[in-house]
Amino acid sequence: MSLLVVGLSHRSAPVSVLERASLAADTQAKLLQDTLAAEPATEAAVLATCNRIELYADVDKFHAGVAELSTLLAQHSGVGLDELTPYLYVHYEDRAVHHLFSVACGLDSMVVGEGQILGQIKDALARGQELHTAGRLLNDLFQQALRVGKRAHSETGIDRAGQSLVSFGLQQLAAGADPGLWARGKRALVIGAGSMSSLAAATLARTGVAEIVVANRTRSRADRLVEILQQGDDTTVRAHAVEMSAVGDELTRADVVVSCTGSTGLVLTADALADALGVTLDAPAEAPAVTAIPAPADVDQHAAWVENGSATSAPEAPRRVKLPAQSTGPVKLALLDLAMPRDIDGAAHRIDGVRLVDIESLADASADAPMAADVDQVRTIVADEVAAFGAAQRAAHVAPTVVALRTMAADVVAGEIARLDGRLPDLDEKQRAEITQTVRRVVDKLLHAPTVRVKQLASEPGGAGYADALRELFDLDPQTVAAVSRADLNDPNRGRS
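Basis of the calculations
- Residues numbered from 1 in each chain as written.
- Predicted model: local features only at pLDDT ≥ 70, side-chain atom pairs only at ≥ 80, totals over all residues.
- Heavy atoms only, no water.
- Helix = DSSP H or I, 4+ residues; strand = E, 2+ residues; numbered from the N terminus.
- Contact = heavy atoms within 4.5 Å.
- Areas by Shrake-Rupley, 256 points an atom, 1.4 Å probe, with all protein chains shown as cover.
- Buried < 20%, exposed > 50% of the residue type's maximum accessible area, 1.4 Å probe, protein only.
- Polar contact = N/O pair within 3.5 Å; in protein donor to acceptor, adjacent residues only side chain to side chain.
- Salt bridge = Lys/Arg side-chain N within 4 Å of Asp/Glu carboxyl O.
- Expected span 1.5 Å × (residues − 1).
- Phe/Tyr/Trp six-rings, centres within 6.5 Å; stacked < 30°, edge-to-face > 60°.
- Lys NZ or Arg CZ within 6 Å of the ring centre and 35° of its normal.
- Axes fitted to C-alpha atoms, helices over the stretch in contact; angles between N-to-C directions.
- Parallel < 35°, antiparallel > 145°, perpendicular 65-115°, else oblique.
- Left-handed = near helix turned anticlockwise from the far one by under 90°.
- Nonpolar A, V, L, I, M, F, W, Y, C, P; charged D, E, K, R; others polar.
- Patch = residues over 30% accessible without salt bridge, like charges linked within 9 Å, V, L, I, M, F, W, Y side chains within 5 Å.
- Disulfide = S-S within 2.5 Å.

Asks: With reference to specific residues and values, describe the overall build of the protein.
Replies: Per the secondary structure count, the protein includes 20 helices and ten strands. When contacts within the protein are restricted to residue pairs at least 6 apart in sequence, those whose partners lie at least 24 apart make up 75%. When the accessible surface of the protein is totalled, it reaches about 23600 Å², and 51% of it is carbon and sulfur.

Set out below in structure tokens:
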């Protein structure tokens, strides 16, 4: 196993960089295809969410893999490599497994313990399977990550520590008030009908809003979301869908707006919001001083950090630039922007009567959120699962060699029985069967102890060399071993959860 992950997240990069580096669905597909075309990688998967972009690959060369994956991320994100590199982190082999398992459990989320990441990991796996870029290693890795995440949520109280970004965002909009009391009777506009928007609509319905209007570029998806909302047993919210062209009119009637689309440009400009409220947009305040950005780190330095064990991430990102304080007057329109890149113009904070919460302000707020005691228990689960996954992968590495050895032994038995038939043609069927069974038992007993022991040894740290030793000792054809591996990889029942 030579698993490598190169990525950036809200922990390593400011939101402004994450926003520019965000990848659309078609760009993710092209990134995966180009990663496989690159020499160091044999498998690839992309995990792209509103607060992280990570490229996973099975590579045969570490330094070349780091350089290639970093370059590919820069090319497909549109952010120059020199600018992107300081914010990239690199994890390799067991550290990469530990990272993904921690992500799956919500330990690395902006809101610790949130469970939505599991759906995003499942989507990343499905995309890799559909494009045939996820092979044995990444199929096993991502499926196990899903199981580890589910285990963490079922066996611990991590759910008490975390919540979805939607719930956390509504808490911020409520500004200290009870979200249920704050939302009661309000009219909400949800822009978008994807997974995050659907979660937002369902959360708003449970929170107690009186009405939800859904706007989406594809009207049928908006209609479907409305249908789901109206079928819910835990809410009696009124809901209906509108075309995107009606958003301007709906803004004049809305109390709360949640937006999360895949648009690459702004969906709501500050001018459009000011027009909807019938107010004038204030002149921009003097720009605050910007914290100096550290000099770009060299890609090879990332490799050195990992190899030397001194670090597994890039230097700490510069502090975020704080926007001027929002209006302290009564809030006429509450805006929650969960999109990356952003849907709502950041200048909306200057509009009197508008309160805007976006990914950047959520990151600032969540930095001070208390950690639950259950987090330590989840970390223990992750550590145990990483050790088990590594042992299973190392044992699986030697399995094709063991199969090839037993196949060779069976061929030897068959050849010797055929030779015996030529020398003793008068043997009856019963005698021949008894001799054949005896020879097979002798071979099986001779091979049993060493093959069981080599699997045990191979599962231990540093045990990868036992497969090579077995091939050398028994003069096994490498192509035969490779053929066994390919047959296992092409098993139609493999890699499906």
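Alright, that's what it looks like, and here's the rest.
Asks: A description of the side chain of S12 should follow, citing residues and the corresponding values.
Replies: Along the chain, the position of S12 falls in the loop between β1 (3-9) and α1 (15-21). Given the relative accessible area of 5%, S12 is considered buried. Polar side-chain contacts of S12 include one of 2.7 Å to the backbone oxygen of Y87.

Asks: Just give me the short version of helix α9 (residues 165-174), but keep the residues and values in it.
Replies: Summarising burial for α9: seven of the ten residues are buried, a large majority. Turning to α9, its buried residues number three or more, namely L165, V166, F168, G169, L170, L173 and A174. One or two residues past the end of α9 sits A175, with phi positive at roughly 55°.

Asks: Please set out the pattern of salt bridges residue by residue, giving values where relevant.
Replies: Scanning all chains against the criterion turns up 21 salt bridges. Among the ionic pairs, R52 bridges to E54, the shortest N-O distance being 3.0 Å. A single burial state applies to R52 and to E54, both of which are buried. A network of salt bridges, in which partner residues are shared, links R187, E211, R238, E250 and R253.

Asks: Please set out helix α3 (residues 62-77) residue by residue, giving values where relevant.
Replies: Relative to the 22 Å expected for 16 residues at 1.5 Å per residue, α3 spans 22 Å between its end C-alpha atoms, a close match to the ideal helical length. Within α3, burial applies to F62, G65, V66, L69, S70, L72, L73, A74, H76 and S77. After α3 finishes, the residue G78 shows a positive phi value of roughly 85°.

Asks: Break down the packing of aromatic side chains for me, with residues and values.
Replies: Overall, the coordinates contain three aromatic pairs when judged by the stated rule. Ring plane angle 80° and centroid distance 5.9 Å describe the contact between F101 and F389, whose orientation is recorded as edge-to-face. One end of the pair, F101, is in helix α5 (residues 94-104); the other, F389, is in helix α17 (residues 374-423), and 288 residues separate them in sequence. For the pair F101 and F389, one class covers both residues: buried. The cationic tip of K186 hangs over the ring face of W182; the distance from NZ or CZ to the ring centre is 4.9 Å.

Asks: Residue-level account of the packing of α9 against helix α11 (residues 195-207), with values.
Replies: As a packed pair, α9 and α11 sit with axes 9 Å apart at the nearest point and diverge in direction by 55°. Comparing their axes, α11 and α9 come out oblique. Our pair here, α9 against α11, has a crossing hand that is right-handed. Every residue of α11 that contacts α9 at L165, V166, S167 and L170 is listed here: M196, L199, A200, T203, L204 and T207. In terms of residue class, the contact of α9 with α11 is made up of seven nonpolar, three polar and no charged.

Asks: An account of the environment of S70 is requested, with residue identities and associated values reported.
Replies: Within the secondary structure layout, S70 lies in helix α3. The spatial distance from the C-alpha of S70 to the C-alpha of G7 is 8.1 Å, given a sequence separation of 63 residues. Within the structure, the side chain of S70 is placed 2.7 Å from the backbone oxygen of V66, a separation counted as a polar contact.

Asks: Can you break down a nonpolar patch on the surface residue by residue, with the values?
Replies: Taken together, the side chains of M408, V412, L473 and F474 define a hydrophobic patch exposed on the protein surface, amounting to about 370 Å² of accessible area. As for its placement among the helices and strands, F474 is situated in the loop between α19 (465-473) and α20 (478-489).

Asks: Kindly report on the state of the cysteines, identifying the contributing residues and their values.
Replies: Counted under the stated rule, the structure contains zero disulfides. Distance from the sulfur of C50, which forms no disulfide, to the nearest cysteine sulfur (C260) is 7.0 Å. Of the residues examined, C50 reaches a relative accessible area of 11% and is grouped as buried. Taking relative accessible area as the criterion, C260 reaches 16% and is therefore assigned buried.

Asks: Please give an account of the packing of helix α7 (residues 136-155) against α17 that cites residues and values.
Replies: Between α7 and α17, whose axes approach to 10 Å, the crossing angle comes to 155°. Relative to α17, the element α7 is oriented roughly antiparallel. The way α7 lies across α17 gives a crossing that is right-handed. For the pair α7 and α17, the contacting residues are L137, D140, L141, Q144, V148, R151, A152 and E155 in the first and Q377, V378, I381, E385, F389 and Q393 in the second.

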